[in-house]
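Residue strings, one per chain:
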Amino acid sequence: MADVIKLSCNTLRFSSSLLASFSPSFSSSPRPLPPIHGLHRRVLSVSDVFISRFSFRPRKQFASFKMHATVTETEQPKWWERNAGPNMIDIHSTQEFLNALSQAGDKLVIVEFYGTWCASCRALFPKLCRTAAEHPEILFLKVNFDENKPMCKTLNVKVLPYFHFYRGADGQLESFSCSLAKFQKIKDAIELHNTARCSIGPPKGIDDLNLESLLPPMEKQAESSGT
């Protein structure tokens with residue numbers, strides 16, 4: 001038993017000299033070191049400080065960081081979905097396009113052909129939304145070029161953004177490309193074609209679009225049976 005105690009004392013003396021060489025590193029420790037006669041307790045207190053400073057605190061910080069990252073990961077609406085009013089309709093197929101035109105009646109219909117990757121389309125879109133809010137009587141159709149490439153090519157859409165104007169029995173009234181710098185073209189076309197009037201006869205111009213070949217077979221049969 002005496003040998004064991006002696007060995008422990010030697011070990012503690014070595015630990016004391018070793019800790020003395022690193023004393024500047026632990027000078028900022030919040031707990032002061034006990035007197036020399038409590039040498040064994042001094043070693044334990046230093047190791048305890050070392051564990052509490054370098055093992056537990058980083059784990060708490062890491063956990064709080066993960067929680068913060070999880071909370072902030074929320075999906076934001078895409079730019080072509082923001083601020084779209086109730087009179088702005090997304091078109092995802094040729095059939096939806098034809099249905100929207102036929103159901104618009106005598107309303108002025110403005111069709112915007114856009115691309116999600118198109119910088120000019122993105123710059124123009126907020127102003128188009130404000131225009132739609134100012135004219136709730138006008139129907140705005142938003143056609144994604146990438147989702148409707150065959151239809152866009154049939155309608156001869158070669159640049160973006162591109163606009164078509166339709167109205168009832170008059171069919172297609174006008175078409176042109178437009179950017180934010182030339183947005184006045186859209187305002188002028190609205191002023192020209194959005195006059196109060198009643199068209200006589202069914203909507204015209206839909207059959208002239210030659211889009212029936214793009215419809216699936218089932219939709220073709222349904223359309224022919226309805227006529």
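Keep in mind that this is a model prediction, so the values were computed, not measured.

Trainee: So what about the overall build of the protein? Which residues, and what values?
Mentor: Secondary structure assignment for the protein yields 7 helices and 5 strands. When the helices and strands of the protein are read in sequence order from the N terminus, they spell out α-α-β-α-β-α-β-α-β-β-α-α. Relative to all contacts within the protein whose residues are 6 or more apart in sequence, the contacts with residues 24 or more apart total 74%. Accessible area for the protein stands at about 14800 Å²; split by element, carbon and sulfur atoms hold 59% of it.

Trainee: Talk me through the side chain of His193; I want residue IDs and the actual numbers.
Mentor: Within the element layout of this structure, His193 appears in helix H6 (residues 184-193). Not counting the four nearest positions on each side in its chain, His193 is found in contact with Leu108, Phe165, Arg167, Leu173 and Glu174.

Trainee: Outline unusual backbone geometry, listing residues and values.
Mentor: With an omega of -10°, the peptide bond running from Leu160 to Pro161 counts as cis. Note that Pro161 resides in the loop between helix H5 (149-154) and strand S4 (162-167). A positive phi angle, close to 65°, is found at Asn156, a residue other than glycine.

Trainee: Can you lay out the nonpolar core for me, pointing to particular residues and giving the numbers?
Mentor: One finds Ile110, Phe163, Phe165 and Ile186 to be the most contacted residues of the largest nonpolar core, which totals 23 residues. Listed by contribution, the elements that provide at least two residues to this core are strand S2 (108-114), helix H4 (119-134), S4 and H6. Top contributing element to this core by residue count: H4, with 6 residues. Those residues in contact with Phe165 that lie beyond four places of it in its chain are Leu108, Val109, Ile110, Gly171, Gln172, Leu173, Glu174, Phe176, Ile186, Ala189, Ile190 and His193. Among the nonpolar cores identified, the runner-up in size contains 22 residues, and Ile91, Ala100, Leu141 and Phe145 belong to it.

Trainee: For the pattern of salt bridges, give the residues involved together with the corresponding values.
Mentor: Tallied over the entire structure, the rule returns 2 salt bridges. With a closest N to O distance of 3.2 Å, Asp90 and Lys142 form a salt bridge. Placement of Asp90 in strand S1 (residues 88-91) and of Lys142 in strand S3 (residues 139-144) is noted, with a sequence separation of 52 residues between them. For Asp90, a relative accessible area of 32% puts it in the partly exposed group. Linking Asp106 and Arg167 is a salt bridge whose minimum nitrogen-to-oxygen distance equals 3.7 Å. With Asp106 in the loop between helix H3 (94-103) and S2 and Arg167 in strand S4, this residue pair connects regions lying 61 residues apart in the sequence.

Trainee: Quick rundown of the sheet that holds S4? Include the residues and the values.
Mentor: The strand order S1-S3-S2-S4-S5 describes an open sheet built from 5 strands, whose pairing is mixed. Only two strands of the sheet have a single partner each, and these edge strands are S1 and strand S5 (171-177). Neighbour to neighbour, the strand axes of the sheet diverge by 20° on average, direction disregarded. For S1 and S3, the ladder comprises 4 bridges, and the chain directions are parallel. When the bridges of S3 are listed, Ile89 appears paired with Leu141.

Trainee: Now, about the environment of Ile186: what can you tell me, with residues and values included?
Mentor: Tracing the chain through its elements places Ile186 in helix H6. According to the relative accessible area criterion, Ile186 is buried, its value standing at 0%. Here Ile186 is in contact with Phe163, Phe165, Phe176 and Cys178, once residues within four sequence places are set aside.

Trainee: Can you explain the packing of aromatic side chains? Please cite residues and give values.
Mentor: In this description, an aromatic ring pair is defined by two values, namely the gap between the centres and the angle between the planes. Within the structure shown, the criterion is met by 6 aromatic pairs. Aromatic rings pair up to connect Trp79, Trp80, Tyr114 and Phe125 into one cluster.

Parameters at a glance
Residues numbered from 1 in each chain as written. Predicted model: local features only at pLDDT ≥ 70, side-chain atom pairs only at ≥ 80, totals over all residues. Heavy atoms only, no water. Helix = DSSP H or I, 4+ residues; strand = E, 2+ residues; numbered from the N terminus. Contact = heavy atoms within 4.5 Å. Areas by Shrake-Rupley, 256 points an atom, 1.4 Å probe, with all protein chains shown as cover. Core = buried A, V, L, I, M, F, W, Y, C linked by side-chain atoms within 4.5 Å. Buried < 20%, exposed > 50% of the residue type's maximum accessible area, 1.4 Å probe, protein only. Salt bridge = Lys/Arg side-chain N within 4 Å of Asp/Glu carboxyl O. Pairing = 2+ DSSP bridges. Axes fitted to C-alpha atoms, helices over the stretch in contact; angles between N-to-C directions. Phe/Tyr/Trp six-rings, centres within 6.5 Å; stacked < 30°, edge-to-face > 60°.

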